[in-house]
Amino acid sequence: MDYKNKLEELKRLDLLRTVKDKDCRCGRTIKTGGREFLNFSSNDYLGLASNSAIIKAAQDALMDYGHGAGASRLLSGGTSIHALLEEKTASFKGAEKAVMFNSGYAANTGAIAALTDEHSAIFSDELNHASIVDGCRLSATSKRYIYKHCDLDHLETLLSKSLSAPNKLVITETVFSMDGDVADISNINMLCDKYNAVLYIDDAHATGVLGNGKGALAHFNVTPGNNIIQMGTYSKALGSIGGYIAASEAVIDYLFNTARPLIYSTALPATAAASSNAAIEYIEAHPELVVKLRENIVTCRRLLLSKGFSVTNDETPIIPIVFNSASEVLHISGCLLDRGFYAPAIRPPTVKTPRIRISMSAFHEKDDIEHLVNALTEAIR
Ligand SMILES: *Cc1c(COP(=O)(O)O)cnc(C)c1O
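Residues numbered from 1 in each chain as written. Predicted model: local features only at pLDDT ≥ 70, side-chain atom pairs only at ≥ 80, totals over all residues. Heavy atoms only, no water.

### Describing the site of the ligand
Okay, step 1: Neighbouring the ligand are 16 residues; Gly104, Asp202, His205, Ser235 and Lys236 lie closest to it.
Okay, step 2: Ser235 is positioned with one of its side-chain polar atoms (N or O) 2.8 Å from an oxygen atom of the ligand.
Okay, step 3: If the ligand stood free it would expose 380 Å²; the protein chains cover 85% of that surface.
Okay, step 4: Elements with a minimum of two residues in the shell around the ligand: α4 (104-114) and β8 (228-233). (Near = heavy atom within 4 Å. Polar contact = N/O pair within 3.5 Å; in protein donor to acceptor, adjacent residues only side chain to side chain. Areas by Shrake-Rupley, 256 points an atom, 1.4 Å probe, with all protein chains shown as cover. Helix = DSSP H or I, 4+ residues; strand = E, 2+ residues; numbered from the N terminus.)

What follows is the structure, encoded as structure tokens:
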């Protein structure tokens, strides 16, 4: 393959991606390329990635357990801190048991493939994250159906045509990562009950954000029964690294026996488990942090609306501003950079419609948000 030519083609289409490494901690400001910007690009929704209590927990684990884990979880890679985190995760999510994976990506690809077989039918929202899409691809022998985004009528039509499938799995993100909208988990769960399907939710962007930080089930007042599998990440609002599945004991024990990313990959170091554990404890002890995030979200949306931007929901920290073309969105993102704001352009194939994806965090101050919205308004003029 002519990779150089392929790269030039991407560049011509304004779709070339480049890595932008930073020279600082993850936080309110970001230093990159010798300049400092206000950071509106991070999934660190509660500012926990550089929280000193959490860093201290990781430091202590580093001194006690060293760095590399040495083996996969099933051999000798885990520590009592890994086990502690799994217990903590299960109780935080209201589930019987939990298992940690090396990333959210590994959790989705590993779990979806492991939990399905030739007797399975998967029903997946069309805007589900790439890690879910890849998990479905790895589930090679199952039947796979894509339903229109958050379209429960379409989902029900597909379910009603698959009554005979013995193992039905409905998969949806709770907060969609590129649009910030929230799936109607109450009614999707009712559909799952009606059609005897298991509900698999990806709570990556709801954990630490909705339901006092506990996630979408708490937000919707849905009891996490045995027909619900909760996937999530420690890498977003929890400011750490890793993914998890929280579900019934049977599901978790089965994953330990069958999920390939768990079996064939070295465990995360104890530092990662310790910082995730400390992050959950921090959220439980500091409900005001989730409230501050919520206030910032409301402020940002109110200001955007007052300037004529169309913003739909007001519950999540992901605020997309959609444009017609990749070149337009690159231009706006560049204008924002010139004015000292780091809000990334998201382009195809990550999304269909190019957009600036504003991420709000509890670390933002009111002035930061006002200045961003003003800069955005000027950039569009
Ligand atoms: C980020 C993300 C993941 C992957 O999580 P990582 O821990 O970053 O690998 C999975 N699902 C969704 C919806 C995400 O946004």
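### Things to note about the packing of aromatic side chains
Okay, step 1: Using the criterion set out here, one finds 4 aromatic pairs in the structure.
Okay, step 2: Relative to Phe341, the ring of Phe40 lies with its centre 6.4 Å away and its plane at 40 degrees, an arrangement referred to as tilted. Within this pair, whereas Phe40 is found in the loop between β2 (35-39) and α2 (52-65), its partner Phe341 is found in strand β11 (residues 341-342), the two being separated by 301 residues in sequence.
Okay, step 3: A residue is classified by how much of its surface remains accessible, and Phe341, at 7% relative accessible area, is buried.
Okay, step 4: Ring plane angle 50 degrees and centroid distance 5.0 Å describe the contact between Tyr234 and Tyr244, whose orientation is recorded as tilted. On the criterion of sequence distance, the pair formed by Tyr234 in the loop between β8 and β9 (243-247) and Tyr244 in strand β9 is long-range, its members being 10 residues apart. With respect to burial, Tyr234 and Tyr244 carry one shared label: buried. (Phe/Tyr/Trp six-rings, centres within 6.5 Å; stacked < 30°, edge-to-face > 60°. Buried < 20%, exposed > 50% of the residue type's maximum accessible area, 1.4 Å probe, protein only.)

### Quick word on the pattern of salt bridges
Okay, step 1: Enumeration according to the criterion identifies 12 salt bridges in this entry.
Okay, step 2: When the shortest N-O distance is used, the salt bridge between Asp60 and Lys56 registers 3.0 Å. Taken together, the residues Asp60 and Lys56, both in helix α2 and 4 residues apart, mark about one turn of the helix.
Okay, step 3: A relative accessible area of 37% means that Asp60 is categorised as partly exposed. (Salt bridge = Lys/Arg side-chain N within 4 Å of Asp/Glu carboxyl O.)

### A word on empty space enclosed by the protein
Okay, step 1: Going through the model one piece at a time under the given rule, you end up with 1 cavity of 30 Å³ or more.
Okay, step 2: The calculated volume of the largest cavity comes to roughly 100 Å³.
Okay, step 3: Lining the largest cavity we find Ser72, Arg73, His82, Met100, Phe101, Asn102, Pro261, Leu262, Ser265, Thr266, Ala267 and Leu268.
Okay, step 4: Of all the secondary structure elements, the ones that give two or more residues to the lining of the largest cavity are β3 (97-101) and α10 (260-263).
Okay, step 5: Partitioned by chemical class, the residues of the lining of the largest cavity number 6 nonpolar, 5 polar and 1 charged. (1 Å grid on protein atoms, 1.4 Å probe; cavity = no way out; pocket = protein on both sides within 12 Å on 5 of 7 lines; lining within 4 Å. Points joined across faces, edges and corners; volume = space filled by probe spheres on them. Nonpolar A, V, L, I, M, F, W, Y, C, P; charged D, E, K, R; others polar.)

### Quick notes on the pairing of β3
For a regular strand, side chains alternate in direction, first toward one face of the sheet and then toward the other.
Okay, step 1: The element β3 is extensively covered by neighbouring structure, given that 4 of its 5 residues are classed as buried.
Okay, step 2: With 5 bridges joining them, β3 and β9 adopt antiparallel strand pairing. Residue pairing in the sheet places Met100 in a bridge with Tyr244 of β9. (Pairing = 2+ DSSP bridges.)

### A word on α2
Okay, step 1: The terminal C-alpha atoms of α2 lie 20 Å apart, and with 14 residues this matches the ideal 20 Å at 1.5 Å per residue to within 8%.
Okay, step 2: Restricting attention to buried positions, one finds in α2 the residues Ile54, Ala58 and Ala61. With its buried residues spanning 60 degrees around the axis, α2 presents them on a single face. Residues Ser52, Met63 and Asp64 are exposed on α2 and point more than 90 degrees away from its buried face.
Okay, step 3: Residues of α2 that are buried make contact with α3 (80-93) and α11 (270-285).
Okay, step 4: With a side-chain oxygen lying 2.9 Å from the backbone nitrogen of Ala53, the N-terminal cap of α2 falls on Asn51.
Okay, step 5: The positive-phi residue at the C-terminal boundary of α2 is Gly66, with phi of around 75 degrees. (Expected span 1.5 Å × (residues − 1). Arc of directions from axis to C-beta. Contact = heavy atoms within 4.5 Å.)

### Let's talk about the sheet that holds strand β13 (residues 355-359)
Okay, step 1: Here we have 3 strands laid out as an open sheet, ordered β10-β13-β12, and antiparallel in their pairing. Looking at which strands have only one partner, the edges of the open sheet turn out to be β10 (318-322) and β12 (345-346).
Okay, step 2: Examined bridge by bridge, β12 and β13 share 2 bridges and lie antiparallel to one another. Across the sheet, Ala345 pairs through a bridge with Ile356, a residue of β13.
Okay, step 3: Contacts from helix α12 (residues 287-306) reach β10 and β13 within the one sheet, and its direction differs from that of β10 by about 20 degrees. (Axes fitted to C-alpha atoms, helices over the stretch in contact; angles between N-to-C directions.)

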